[in-house]
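Results of the structural survey
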Amino acid sequence: MTRLANALLLVAACSVFLSLHADPCRAQGDTSIRPFKFHATDEQLADLKRRLAATRFPEKELVADASQGVQLATMKELVRYWQNDYDWRKVEAKLDALPQFVTTIDGVDIHFIHVKSKHPNALPIIVTHGWPGSVIEQLKIIGPLSDPTAYGGRAEDAFDVIVPSMPGYGFSGKPTATGWDAPHIARAWAELMKRLGYTRYVAQGGDWGALVVDQMGVLAPPGLLAIHTNMAGVVPPEIDKAAFSGAPPSPSFSPDEKKAYEQLAFFYKHGLAYALEMGNRPQTLYGIDDSPAGLAAWILDHDLRSYQMMARVFAGQKEGLSRDDILDNITLYWLTNTGVSSARLYWENKLAFFAPKGVAIPVAVSAFPDDLCPAPRSWAEKAYPKLMHYNLMPKGGHFAAWEQPELMTSELRTAFRSVRTS
């Protein structure tokens, strides 16, 4: 068959697909970067309020604590506030004020925020969220990282900040085929940074973002100088196995090792149910795409310490997050209908969450005390042979950039200083 005939067949195939699906011809060859903005329709927001008003609550839990799950009083107050007092347009305005883009990588539209610093020689950093997070998690650190002098920092600590939405999450496209696991996302992020023209950069992540940056460290693409993680993959396999089985901590553990072990064992016993369901049967979770209250409860129940903090917020206390912070993120999931599509990442995953991955490039670790497993220095030094920075933080939990943006900003400035001139 001639080249011309082949070309004509390709054009015909593209025309057929374009009439039925998203643009596969663009997906295969278009590397363009397109501006992006999102505006929910008034009908979408009205529909959300109608569904909230029609929430059918169960009876109160039969215990005085959260051992049966997200408590009724918390959910009733969350739904009341969401229906009557919450304003999505405020976070929409925050997002509109930031440069946002979409580019197609391996057939999926990847959304990202890209804020370039006004300071010369700014270090590019790509920051990855997790589940049940989104780009909302990083909004508070974008300004301090990209414009440090406006926040009491030094110009030489400036970053160009790139915050992508993972495939199936937020404003990114939803994969139409299997295979989008953490290693695939790591490869996509390397391609994204290449498209943006960066030849030297660093990467940061927590939760799924931690697995993604670990995989970027394993991949070690040209230009990646170092990574920073706030959910370090450092737990030795035999210790991870013991924690999963519920075995008591070893008497040889240091205090930091004992604390990490006990929190990990607690998570495996009391907090892993959502991950097991999403890892095995994500498509079964129709309720979280159909009920905003169901989605909110599922998101709140990520881990006990985060839930307790959010419950205190809806009980009227001040914490690292506000009611609006929490609902900004949940509403993003609702409006983009990404409850189930984001859950599929757990089904795709074949990596141990907390085990070392074999990262050989320089690594910085920030361990927040209320996280699932605050990595002790001894384990971090073994897991990351080029550990260049370690800090056990004074406070904070799983969603570090969101809860403790000042601490996270300070950590990133300090952690990456040594690679700026390398």
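Residues numbered from 1 in each chain as written. Predicted model: local features only at pLDDT ≥ 70, side-chain atom pairs only at ≥ 80, totals over all residues. Heavy atoms only, no water.

Bringing the overall build of the protein chain into the picture now. Scanning the protein chain from terminus to terminus reveals 19 helices and 9 strands. Overall, the protein chain is about 70 × 55 × 45 Å in size when its C-alpha atoms are taken along their principal axes. Looking at the 422 residues of the protein chain, the share that counts as buried comes to 54%. In the protein chain, 77% of the contacts between residues at least 6 apart in sequence involve partners at least 24 apart. Here the protein chain has roughly 18600 Å² of accessible surface; of this, 55% comes from carbon and sulfur atoms. Side chains of the protein chain carry 42 positive and 45 negative charges; the gap between the two charge centres is 3 Å. (Helix = DSSP H or I, 4+ residues; strand = E, 2+ residues; numbered from the N terminus. Buried < 20%, exposed > 50% of the residue type's maximum accessible area, 1.4 Å probe, protein only. Contact = heavy atoms within 4.5 Å. Areas by Shrake-Rupley, 256 points an atom, 1.4 Å probe, with all protein chains shown as cover. Lys, Arg positive; Asp, Glu negative; His and termini not counted. Charge placed at Lys NZ, Arg CZ, Asp CG, Glu CD.)

Take the pairing of strand S4 (residues 123-128) next. Across the 6 residues of S4, 6 count as buried, placing the element largely inside the fold. Burial along S4 is two-sided: the face carrying Leu-123, Ile-125 and Val-127 and the face carrying Pro-124, Ile-126 and Thr-128 are both buried. In the sheet, S4 pairs with strand S5 (residues 159-164) via 4 bridges, with the strands oriented parallel. Paired with Pro-124 across the two strands is Asp-160, which belongs to S5. Note on the crossover from S4 through helix H6 (residues 139-146) to S5: the handedness is right-handed. As paired strands, S4 and strand S6 (residues 201-205) are joined by 4 bridges and run parallel to one another. Each bridged residue has a counterpart across the sheet, and for Ile-125 the counterpart in S6 is Val-202. (Pairing = 2+ DSSP bridges. Right-handed = clockwise from strand over helix to strand, strands pointing away.)

A full pass over the atoms with the stated rule returns 21 aromatic pairs. Ring centres of Phe-36 and Phe-171 lie 5.3 Å apart, and the angle between their planes is 45 degrees; this geometry places the pair in the tilted category. Here Phe-36 is found in the loop between strand S1 (33-35) and helix H3 (42-53), whereas its partner Phe-171 is found in the loop between S5 and helix H7 (182-195), with 135 residues between them in sequence. Neither Phe-36 nor Phe-171 differs from the other in exposure class; each is buried. (Phe/Tyr/Trp six-rings, centres within 6.5 Å; stacked < 30°, edge-to-face > 60°.)

So, on to the nonpolar core. Counting residues in each nonpolar core, the largest one holds 130 residues, and the members touching the most others are Leu-78 and Ile-330. Looking at this core, the element that brings in the most residues is H7, giving 8 residues. Sequence-distant contacts of Leu-78, defined by excluding residues within four places in its chain, comprise Ala-296, Leu-300, Phe-314, Leu-327 and Ile-330. (Core = buried A, V, L, I, M, F, W, Y, C linked by side-chain atoms within 4.5 Å.)

Let us now look at the confidence of the model for the protein chain. Within the protein chain, residue pLDDT values average 93, and 93% of them lie at 70 or more. Scored below 50 in pLDDT, residues 1-27 shows 11 contacts in the model against residues more than four places distant or in partner chains. (pLDDT = per-residue confidence, 0-100.)

Bringing the sheet that holds strand S7 (residues 224-229) into the picture now. Across the sheet, which stays open at both edges, the 9 strands sit in the order S1-S2-S3-S5-S4-S6-S7-S8-S9 with mixed pairing between neighbours. Each edge of the open sheet is held by one strand with a lone partner, namely S1 and strand S9 (387-392). Between one strand axis and the next, the sheet turns through 25 degrees on average, direction left out of account. Bridge count for S1 against strand S2 (residues 100-105) is 3 bridges, and the pairing is antiparallel. Pairing of Arg-34 across the sheet is with Val-102, part of S2. Strand contacts of helix H19 (residues 405-415): S4, S5, S6, S7, strand S8 (363-367) and S9, with the helix running at about 155 degrees to S9, the strand carrying the most contacts. (Axes fitted to C-alpha atoms, helices over the stretch in contact; angles between N-to-C directions.)

Looking now at the side chain of Glu-257. Mapped onto the elements of the fold, Glu-257 is located in helix H10 (residues 255-270). Despite its burial, Glu-257 pairs with no opposite charge; the closest candidate is Lys-382, at 5.9 Å N-O. For Glu-257, the side chain forms a polar contact with the main-chain nitrogen of Ser-254, separated by 2.9 Å. Once you skip the residues sitting within four places of it in the chain, Glu-257 turns out to touch Ser-252, Pro-376, Ser-378 and Trp-379. (Salt bridge = Lys/Arg side-chain N within 4 Å of Asp/Glu carboxyl O. Polar contact = N/O pair within 3.5 Å; in protein donor to acceptor, adjacent residues only side chain to side chain.)

Turning our attention to helix H13 (residues 292-300). Those residues of H13 not exposed but buried are Pro-292, Ala-293, Leu-295, Ala-296, Ile-299 and Leu-300. The buried side chains of H13 occupy one side of the element, clustering within an arc of 160 degrees when seen end-on. (Arc of directions from axis to C-beta.)

Most of S8 is tucked away, with 5 of its 5 residues classed as buried. As paired elements, S8 and S9 share 5 bridges and run parallel to each other. Note that in S9 the partner of Ala-364 across the bridge is His-389. The β-α-β motif built from S8, the intervening helix H17 (residues 377-383) and the parallel element S9 has right-handed crossover chirality.

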